[in-house]
Amino acid sequence: MHFFDVIFATRLTDSGTMYELWRQQEAGSLEYVSRAEELQQQYAERLVDEAGGDMETLFGFTITSSIGAMLPTLPKSFVSTTCEFPAVLSLLHRSGNRLAAWVCPFTRTVTPNGPIAPQMFLLVSHVDYISGRDIVSDVVDTLAGDPSLARARFTIVVDGAHGVGNHCTVRDIADVRAAFEQKLDVEDFVYVFDHNKWLHGFSGMAVTLHTGVSAPIIESIFPRRAEIGYANFDEPVSVSYNPMLPHWMANFTGPADNGFDHGSLVVSGRLTALFIASARQQPFVDVEVYESNTNMVLLTTPDPGRLFHHLEDHGYRSHLMGASRIRRNTPGGAGGIRLTFSSRSIDAAAVEGLVATLRKF
């Protein structure tokens, strides 16, 4: 099976290593504890060296839980883009945070939703999880051009789920930070990413690089609310984690290095370009390609479900994206199929096979 969605790609830790980690932990080995602490410290130092010497690190279970853990130290009022992951928006609603405005990076418009506070935090994805588009510059320019929001002081919270390992390396986080600081009044900067997507790690490890936030609360941060949330997502999210789990340490034995590997991004970009070139040369019937500027491509069609099953039947794994009332008529608003291209799991022949399969649709 060709895995075009790297979330399901083969992990880089071999079974022998995993077995040894399980054995050491179950035996209560101090060697396991010492090794885990050593690897974590080395990784933290490397992150700070690459991303900027004034930044600090936090390690959490997932991106959603990591953002939740730092909410008590963030302003209660926030601004969000229309491209944020529903689970994160649900978390903010459950925790009583107040949404001041929506920012649409595609139309470069601001939709007020409440009072603008002097200090707020901005929730913005580095890369839109549906279309694959880098939305940072569009969001910065939109905020800077809005008279009311341009005067606010922001703590920037960047969701890098599809950033590191897809569109950038850890070293590039400094440039993302600079883009915000150049045009906005920035109090603190936070960038959080995980290991189980583009770094090919195991679920259960998120990394936060930041300039001045903390995470004092790790469990029970979701006061239940009866009102309708900001997004159509109403599942509870656990924020408890155990950093000594075997898969946690396994993330340090291979996947961590992928966050610093710029060469793989270049090859992944070539694979995406190969697909786009084929689609331009001979457009697909009943399938429109939204051309992303990273390693993801959004396919739109009158019946996304039928296309999803067509790809699945031919051995291709993709994501079926549902319609979004928040996104409305912008990319991904009406749903579609998301494909992701990673040089760690596919090659040119796999891309050519995908093109042939789409021509049969």
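Note that the structure is predicted; figures quoted are calculated from it, not measured. (Residues numbered from 1 in each chain as written. Predicted model: local features only at pLDDT ≥ 70, side-chain atom pairs only at ≥ 80, totals over all residues. Heavy atoms only, no water.)

Description of the environment of L307
Now for step 1: As for its placement among the helices and strands, L307 is situated in helix 10 (residues 304-313).
Now for step 2: Excluding residues within four positions of it along the chain, L307 makes contact with V287, L299, T301, I337, L358 and F361. (Helix = DSSP H or I, 4+ residues; strand = E, 2+ residues; numbered from the N terminus. Contact = heavy atoms within 4.5 Å.)

Digging into the pattern of salt bridges
Now for step 1: Counted by the stated rule, this structure contains 14 salt bridges.
Now for step 2: Between R108 and D138 there is a salt bridge whose closest N-O contact spans 2.7 Å. Of this pair, R108 sits in the loop between strand 4 (98-104) and strand 5 (109-112) while D138 is found in helix 5 (residues 136-144), placing the two residues 30 residues apart along the sequence.
Now for step 3: According to the relative accessible area criterion, R108 is partly exposed, its value standing at 42%. (Salt bridge = Lys/Arg side-chain N within 4 Å of Asp/Glu carboxyl O. Buried < 20%, exposed > 50% of the residue type's maximum accessible area, 1.4 Å probe, protein only.)

A look at the side chain of S66
Now for step 1: Of note, S66 is situated in helix 3 (residues 63-70).
Now for step 2: Of the residues examined, S66 reaches a relative accessible area of 7% and is grouped as buried.
Now for step 3: S66 has contacts with G60, F61, V192, A206 and T208, leaving out every residue within four places of it along the chain.

Quick look at the sheet that holds strand 5
Now for step 1: The strand order 2-9-8-7-6-3-4-5 describes an open sheet built from 8 strands, whose pairing is mixed. Of all strands in the sheet, those bounded by a partner on one side alone are strand 2 (56-60) and strand 5. In this sheet, adjacent strand axes meet at a mean angle of 20° when their direction is disregarded.
Now for step 2: Two strands pair when backbone bridges link them, and strand 3 (residues 77-81) and strand 4 are joined in this way by 5 bridges, in the parallel orientation. Its bridge partner being in strand 4, F78 is matched across the sheet by L99.
Now for step 3: Where helix 6 (residues 173-183) meets the sheet, its contacts fall on strand 6 (119-125), strand 7 (153-159), strand 8 (185-194) and strand 9 (206-210), and the angle it forms with strand 8 comes to roughly 150°. (Pairing = 2+ DSSP bridges. Axes fitted to C-alpha atoms, helices over the stretch in contact; angles between N-to-C directions.)

A look at unusual backbone geometry
Now for step 1: Non-glycine residue H200 carries a positive phi angle of around 60°.
Now for step 2: Here H200 falls in the buried class, since its relative accessible area comes to 2%.

Points about helix 2 (residues 30-51)
Now for step 1: Helix length check: helix 2 (22 residues) gives 32 Å between terminal C-alpha atoms against 32 Å at 1.5 Å per residue, within 8%.
Now for step 2: Residues of helix 2 that are buried: Y32, A36, L39, Y43, A44, L47, V48 and A51. For helix 2, the arc enclosing every buried residue in end-on projection is 165°, short of the 170-degree limit, so these residues lie on one face. Exposed residues on helix 2 whose side chains face more than 90 degrees from its buried face are L30, E31, E37 and D49.
Now for step 3: Remark: G52 follows helix 2 within two positions and exhibits a positive phi of approximately 135°. (Expected span 1.5 Å × (residues − 1). Arc of directions from axis to C-beta.)

Focus on the pairing of strand 6
Consecutive side chains along a regular strand alternate between the two faces of the sheet.
Now for step 1: The buried fraction of strand 6 amounts to 6 of the 7 residues, a majority that puts the element mostly inside the structure.
Now for step 2: When strand 3 meets strand 6, the two strands line up parallel, connected through 3 bridges. Within the sheet, the bridge partner assigned to S80 lies in strand 6 and is L123.
Now for step 3: For strand 6 and strand 7, the ladder comprises 7 bridges, and the chain directions are parallel. From the neighbouring strand, L122 faces strand 7, where its bridge partner is I156.

Concerning helix 5
Now for step 1: Among the residues making up helix 5, those that are buried are V136, D138, V139, V140, T142 and L143.
Now for step 2: Each element contacted by the buried residues of helix 5 is listed here: strand 3, strand 4, strand 5, strand 6 and helix 6.

Some words on the sheet that holds strand 13 (residues 319-321)
Now for step 1: Across the sheet, which stays open at both edges, the 4 strands sit in the order 10-11-14-13 with antiparallel pairing between neighbours. Every other strand in the sheet has two partners, leaving strand 10 (288-290) and strand 13 as the edge strands with one partner each. Averaged over all adjacent pairs, the angle separating strand axes in this sheet is 30°, with direction ignored.

Overview of the confidence of the model for the protein
Now for step 1: The share of residues in the protein with pLDDT of 70 or more is 87%, and the mean pLDDT across the chain is 85.
Now for step 2: Confidence drops under pLDDT 50 across residues 1-11; counting only partners more than four residues distant or on other chains, this segment forms 44 contacts.
Now for step 3: A low-confidence stretch, residues 217-241 (pLDDT under 50), is modelled with 60 contacts involving residues beyond four sequence positions or located in other chains. (pLDDT = per-residue confidence, 0-100.)

Side note on the packing of helix 5 against helix 6
Now for step 1: Look at helix 5 against helix 6: their axes get within 9 Å of each other, and the N-to-C directions meet at 10°. One element, helix 5, and the other, helix 6, form an angle in the roughly parallel class. Between helix 5 and helix 6 lies a crossing of right-handed hand. For the pair helix 5 and helix 6, contact is made by V136, V140, D141 and A144 and by V176, A179, F180 and K183, respectively.
Now for step 2: Each residue belonging to the contact of helix 5 with helix 6 can be placed in one class, and the counts come to 6 nonpolar, no polar and 2 charged. (Parallel < 35°, antiparallel > 145°, perpendicular 65-115°, else oblique. Left-handed = near helix turned anticlockwise from the far one by under 90°. Nonpolar A, V, L, I, M, F, W, Y, C, P; charged D, E, K, R; others polar.)

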